[in-house]
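Fold and contact review
Here are the chains, one letter per residue:
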Amino acid sequence: MNLHEYQGKEILKSFGVRIQEGIVVNTASKAVDAAKKLNKKTGTKWWVIKAQIHAGGRGKGGGVKLVKSLKDVKSVSEKIIGMQLVTHQTGAEGKKVNKVLVAQDVYYPGESETSEYYMSVLLNRATGRNTIMYSPEGGMDIEAVAEKTPHLIYKEEIDPKSGLLPFQTRRIAFNLGLQGKAFKEMTKFVWSLYTAYEKIDAALFEINPVLKTSDNKILAVDSKVKLDDNALYRHKNYVEMRDLEEEDPAEVEAGKYNLNFIKLDGDVGCMVNGAGLAMATMDIIKQSGGSPANFLDVGGTANAETVEAGFRIILKEPNVKAILLNIFGGIVRCDRVAQGIVDAYKSIGNIKIPIIVRLQGTNAAEGAKIIDESGLKVHSAITLQEAADLVKELV
């Protein structure tokens, strides 16, 4: 589950991480009020208006603006709220901005210059260890740093037996070229950041940039946080932070029926039980000349209700020319799925696109009989190759 920047910062602050203070709003008038509050709280005379969407590259897309007056706070907020923000992570269609974060200006003048760093915490799946990835070259072009100067990307792997150790936080501060007060501040920052990552069962924490202010404070200017969906039952307060407006409506609907659904851009809808079989099915569709329109795993508890829900979700996509159901009856019973197909047909009405069904395993014969006696225009297949041939013929 992805969080907005302001939500990630709230979590970080609760674990002792110093952040760029801000107030989230959904109208330009509220943005002005927020700017006034920040002025009283922090003394800031300039503000940063930041679009809140689940995507990176907001600055380059025009979704982050520095403003120097309350008049500009209002005018810039009016432009950003409601805009369709296009970044390298949103695709050409972009994402609608429903709210902005009015944040304090932290790039204030002082005796020394400010510096930006990159830092993230994530699981290194190759080693099975949490890893702190960081660089002295933070900012909007961190991708270019990784591509052109990979030696400036450092990694600190954490042994799960001992956890993060003090010498590792010091090594990170040293590699970032810090000393004195800033060095001590960075060790505290890293410790608090990693603690937050572990305690909330996060899948990713990315802070870009981590800022050293002119008075040697270390703070998070941005935050990208992704929570582990499998651990959300332990963090019901974070579940409430989910922003459904930022997610694909079909995926949200699928979640209501415990369906694992991912929207793709092909023309053949897939309904399969088991992730491995689903991947194989998509490969078969591709080899037959078609293109999968989705990944849909109904799991091992498929029944008439979930099958009907899967049909409805797939049929909402106008580009779908056929649907392939590939069910292996292990835990799930094929006759139960077959009844779900029949019930879905009757409930939805006339389905104009061809349906290809492959049932194998537990009660496959009973399932085939249910479909054959239903009178429905369903194309049956026994092997994957037969299913692929039907896809090629019908699509």
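Everything in this summary refers to the structure shown in the same document. Here the structure is a predicted model, which is why all the values come from computation and not from measurement.

So, how was this worked out
Residues numbered from 1 in each chain as written. Predicted model: local features only at pLDDT ≥ 70, side-chain atom pairs only at ≥ 80, totals over all residues. Heavy atoms only, no water. Helix = DSSP H or I, 4+ residues; strand = E, 2+ residues; numbered from the N terminus. Areas by Shrake-Rupley, 256 points an atom, 1.4 Å probe, with all protein chains shown as cover. Lys, Arg positive; Asp, Glu negative; His and termini not counted. Charge placed at Lys NZ, Arg CZ, Asp CG, Glu CD. Core = buried A, V, L, I, M, F, W, Y, C linked by side-chain atoms within 4.5 Å. Buried < 20%, exposed > 50% of the residue type's maximum accessible area, 1.4 Å probe, protein only. Contact = heavy atoms within 4.5 Å. Disulfide = S-S within 2.5 Å. Expected span 1.5 Å × (residues − 1). Polar contact = N/O pair within 3.5 Å; in protein donor to acceptor, adjacent residues only side chain to side chain. Salt bridge = Lys/Arg side-chain N within 4 Å of Asp/Glu carboxyl O. Axes fitted to C-alpha atoms, helices over the stretch in contact; angles between N-to-C directions. Parallel < 35°, antiparallel > 145°, perpendicular 65-115°, else oblique. Left-handed = near helix turned anticlockwise from the far one by under 90°. Nonpolar A, V, L, I, M, F, W, Y, C, P; charged D, E, K, R; others polar. Arc of directions from axis to C-beta.

With respect to the overall build of the protein chain
Within the protein chain, the secondary structure is distributed over 13 helices and 18 strands. Taking the principal axes of its C-alpha atoms as reference, the protein chain extends roughly 85 × 50 × 40 Å. Put simply, the protein chain shows about 19,700 Å² of open surface, and 51% of that area lies on carbon and sulfur atoms. Across the protein chain, 52 positive and 49 negative side-chain charges occur, with their mean positions spaced 6 Å apart.

Examining the nonpolar core
Residues Leu-12, Met-119, Ile-132, Met-186, Phe-189, Phe-205 and Leu-227 are the most contacted members of the largest nonpolar core, which totals 37 residues. At the level of secondary structure, the elements contributing two or more residues to this core comprise helix H1 (5-14), strand E7 (115-124), strand E8 (129-135), helix H5 (166-175), helix H6 (180-199), strand E10 (202-212), strand E11 (218-220) and strand E12 (224-227). With eight residues, the single largest contributor to this core is H6. Setting aside its immediate chain neighbours within four residues, Leu-227 contacts Met-1, Leu-3, Ile-200, Asp-201, Ala-202, Ala-203, Leu-232 and Tyr-238. Of all hydrophobic cores here, the second largest spans 32 residues; its members include Met-271, Ile-327, Val-332 and Val-337.

Comments concerning the state of the cysteines
Enumeration over the complete set of coordinates arrives at zero disulfides. You can see Cys-270 has no disulfide; the closest cysteine sulfur is in Cys-334, sitting 18 Å from it. Residue classification places Cys-270 among the buried residues on the basis of a relative accessible area of 2%.

Section: the environment of Gly-361
One can find Gly-361 in strand E17 (residues 355-361). Taking the C-alpha atoms as reference points, Gly-361 and Leu-376, separated by 15 residues in sequence, lie 22 Å from one another. For Gly-361, the contacting residues outside a window of four places in its chain are Phe-328, Gly-329 and Cys-334.

Notes on helix H11 (residues 334-348)
Helix length check: H11, at 15 residues, gives a terminal C-alpha distance of 21 Å against a target of 21 Å (1.5 Å per residue), a fit within 8%. By the burial criterion, the buried members of H11 are Cys-334, Asp-335, Val-337, Ala-338, Gly-340, Ile-341, Val-342, Ala-344 and Tyr-345. Check the buried side of H11 and you find it contacts helix H10 (304-315), strand E16 (322-329), E17, helix H12 (364-372) and strand E18 (378-381). The first or second residue beyond H11 is Gly-349, which carries a positive phi of 105°.

Points about the side chain of Gln-52
By secondary structure assignment, the location of Gln-52 is in the loop between strand E2 (47-51) and strand E3 (64-67). Take Gln-52: its relative accessible area is 2%, and that puts it in the buried class. Of the polar contacts made by the side chain of Gln-52, one reaches the backbone nitrogen of Tyr-6; its length is 3.1 Å. In this structure, Gln-52 is in contact with His-4, Glu-5, Tyr-6, Val-24, Arg-58, Val-97, Lys-99, Val-100, Leu-101 and Glu-246, ignoring residues within four places of it in sequence.

Side note on the pattern of salt bridges
Under the criterion given, the structure shown has 18 salt bridges. Where Glu-5 meets Lys-9, a salt bridge forms, and the shortest distance between an N and an O atom there is 2.8 Å. Placement of the pair is Glu-5 and Lys-9 together in helix H1, with a separation of four residues, close to one helical turn. No difference in accessibility class separates Glu-5 from Lys-9, as the two residues are buried. Notably, a salt bridge pairs Asp-159 with Arg-129, separated by 3.8 Å at the nearest N-O pair. Of this pair, Asp-159 sits in the loop between strand E9 (154-157) and H5 while Arg-129 sits in strand E8, and the two are 30 residues apart along the sequence.

Concerning the packing of H10 against H11
Look at H10 against H11: their axes get within 8 Å of each other, and the N-to-C directions meet at 50°. Our classification of the angle between H10 and H11 gives oblique. The way H10 lies across H11 gives a crossing that is right-handed. Judged by residue contacts, Ala-304, Val-307, Glu-308, Phe-311, Arg-312 and Leu-315 of H10 engage Arg-336, Val-337, Gly-340, Ile-341, Asp-343, Ala-344, Ser-347 and Ile-348 from H11. Among the residues forming the contact of H10 with H11, the class breakdown is eight nonpolar, two polar and four charged.

A closer look at H5
What sets the pattern is the α-helix's 3.6 residues per turn: residues three or four places apart point alike. Among the residues of H5, those classed as buried are Gln-168, Thr-169, Ile-172 and Ala-173. Buried residues of H5, viewed axially, fall in a sector of 140°; they line one side. Against the buried residues of H5 lie E7, E8, E9 and H6.

Brief notes about the environment of Val-395
Within the element layout of this structure, Val-395 appears in the segment after helix H13 (384-394). Linking Val-395 and Ser-291, residues 104 residues apart in sequence, is a C-alpha distance of 9.7 Å. When near neighbours in sequence (up to four residues on either side) are disregarded, Val-395 contacts Asp-267, Val-268, Lys-321 and Ala-322.

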